[in-house]
Amino acid sequence: MASRALFGSFLVLFLVGHAVHVNADGQKFQAGEWKHAHATHYEGSSDTFGGACGYHDVVKEGYGLETVALSNALFNKGEMCGACFEIKCEDSPEWCKPGQPSLIVTGTNQCPPNYDQPSDNGGWCNEPREHFDIARPVFETIAAYKAGIVPVSYRRIPCDHKEGGIKFTITGNPYFNEVLVWNVGGAGDISSVEVKTEEQPDKWIPMERMWGQRWIYNGKLCQSQGALTFRVTGGDGRSVTCDNVAPKGWQFGQTYQAKNNFEK
């Protein structure tokens, strides 16, 4: 049986599934090659840095302020939400911090284009530019904030700094089920989410991406609030299955945490 703990007003339930499975068809997600881009910074608070990806509060959800808004070329209609990047300031000795320190961030927002301005003078996030708009509190890890914009090198990295299992926040109503999937390790981004119910244990039901990392099923999942099992497939094609992560009698407005995550 799964173990269950209730933590305060956030109603976070940490549940250990009967069984967990990681698809071993592919290798662990590996860091990518270094590329060149530019970075700026933007003001905000912990409950605004996750806007376009659907996160509620990036600090409370474990992302900290080490977050970044991605230009459309990187954001890819929300498919890159949750991906992790290593960023270094480069070729700007006046503004880059000494020693070229790395900043590890998670993509949690979109930097929208501004086609009223040229791409090299204000329209930093216009397509096809690859650009990072970094939360100001951590931008200063790599560069002086007065720089405004700096050239950077970056690469995709595995989200190995995520602690614990994948989390599922279930909202909606009996006829409209919405699930925010977060704290995802491995590649960090998600290509698909499927769910199956205790009542139909052999039937995987595909969920649809509503926006960012919010996934929906527009219908009644089960008649008796039976346990739910989720299968999450990352952008690299690997999948994790969490059996009965939401237990029998689960409720809307609560967060359930699996025992497992993508392998580090």
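Residues numbered from 1 in each chain as written. Predicted model: local features only at pLDDT ≥ 70, side-chain atom pairs only at ≥ 80, totals over all residues. Heavy atoms only, no water.

## Section: the pairing of strand β16 (residues 228-234)
Rule in force here: Only protein chains enter the accessibility calculation, which uses a 1.4 Å probe. A residue is then buried if its area is under 20% of the maximum for its type, exposed if over 50%, and partly exposed in between. By definition, any uninterrupted DSSP run of H or I lasting at least four residues is a helix, any uninterrupted run of E lasting at least two residues is a strand, and each is numbered from the N terminus. Any two strands are treated as partners once DSSP identifies two or more bridges connecting them.
Counting buried residues along β16, 6 of its 7 residues qualify, which places the element largely inside the surrounding structure. Examined bridge by bridge, strand β12 (residues 190-197) and β16 share 7 bridges and lie antiparallel to one another. When the bridges of β16 are listed, V193 appears paired with V232. Taken together, the 5 bridges between β16 and strand β17 (residues 239-246) define a ladder with antiparallel strand orientation. Within β17, the position partnered with R231 by the bridge is T241. In this structure, the hairpin formed by β16 and β17 is closed by a connection of 4 residues, where G237 is found at a positive phi of approximately 90°.

## Some remarks on the state of the cysteines
Put simply, the rule is: Cysteine sulfur atoms that pair up within 2.5 Å are treated as a disulfide.
Within this structure, the stated rule accounts for 4 disulfides. At a sulfur-sulfur separation of 2.0 Å, the disulfide partner of C84 is C159. On the S-S bond that ties C84 to C159, the torsion sits near 120°, and the link is right-handed. Linking C84 in strand β6 (residues 84-89) with C159 in the loop between β9 (150-157) and β10 (167-173), this pair joins segments that are 75 residues apart in sequence. Take C84: its relative accessible area is 0%, and that puts it in the buried class. Disulfide pairing is shown between C111 and C125; the S-S distance is 1.9 Å. In this structure the cystine formed by C111 and C125 twists about its S-S bond by roughly 90°; its chirality is therefore right-handed. Here C111, found in strand β7 (residues 103-111), pairs with C125, found in the loop between β7 and β8 (131-135); they are 14 residues apart in sequence, far enough to count as distant. Shown here for the chain is a disulfide pattern of 1-2, 3-8, 4-5, 6-7, where each number marks a bonded cysteine counted in sequence order. Not engaged in a disulfide, the cysteine C242 finds its nearest cysteine sulfur in C159; these two sulfurs lie 16 Å apart.

## Concerning the sheet that holds β9
Let me state the cut-off plainly: The angle between two axes is taken between their N-to-C directions and runs from 0 to 180 degrees, where each axis is a line fitted to C-alpha atoms and a helix contributes only its stretch in contact.
Taken together, 6 strands build a closed barrel; the order of strands is β4-β8-β5-β7-β6-β9 and the barrel is mixed. Here the average twist between neighbouring strands, direction ignored, is 45°.

## Quick notes on the nonpolar core
The following threshold applies: Nine residue types can take part in a nonpolar core, namely buried Ala, Val, Leu, Ile, Met, Phe, Trp, Tyr and Cys, and a core is a set of them joined through side-chain atoms within 4.5 Å. Throughout, a contact is declared for two residues whenever any of their heavy atoms are within 4.5 Å.
With 37 residues, the main nonpolar core has F85, I87, F132 and I134 as its most contacted residues. The contacts of I134, once residues within four sequence positions are left out, are A39, T40, H41, Y42, T67, V68, I87, L103, F139 and I142. Formed by 25 residues, the second largest nonpolar core is a distinct cluster that contains V184, I190, F230 and C242.

## With respect to the side chain of N109
Summarising the element assignment, N109 is placed in strand β7. N109 has contacts with Y42, T48, F49, G50, G51, A52, C53, V68, A69, L70 and F75, leaving out every residue within four places of it along the chain.

## Brief notes about the confidence of the model for the chain
Short version of the rule: pLDDT expresses how confident the predictor is about each individual residue, on a scale running from 0 to 100.
Within the chain, residue pLDDT values average 88, and 90% of them lie at 70 or more. Under a pLDDT of 50 for its full length, residues 1-24 has, in the predicted model, 58 contacts with residues more than four places off or in other chains.

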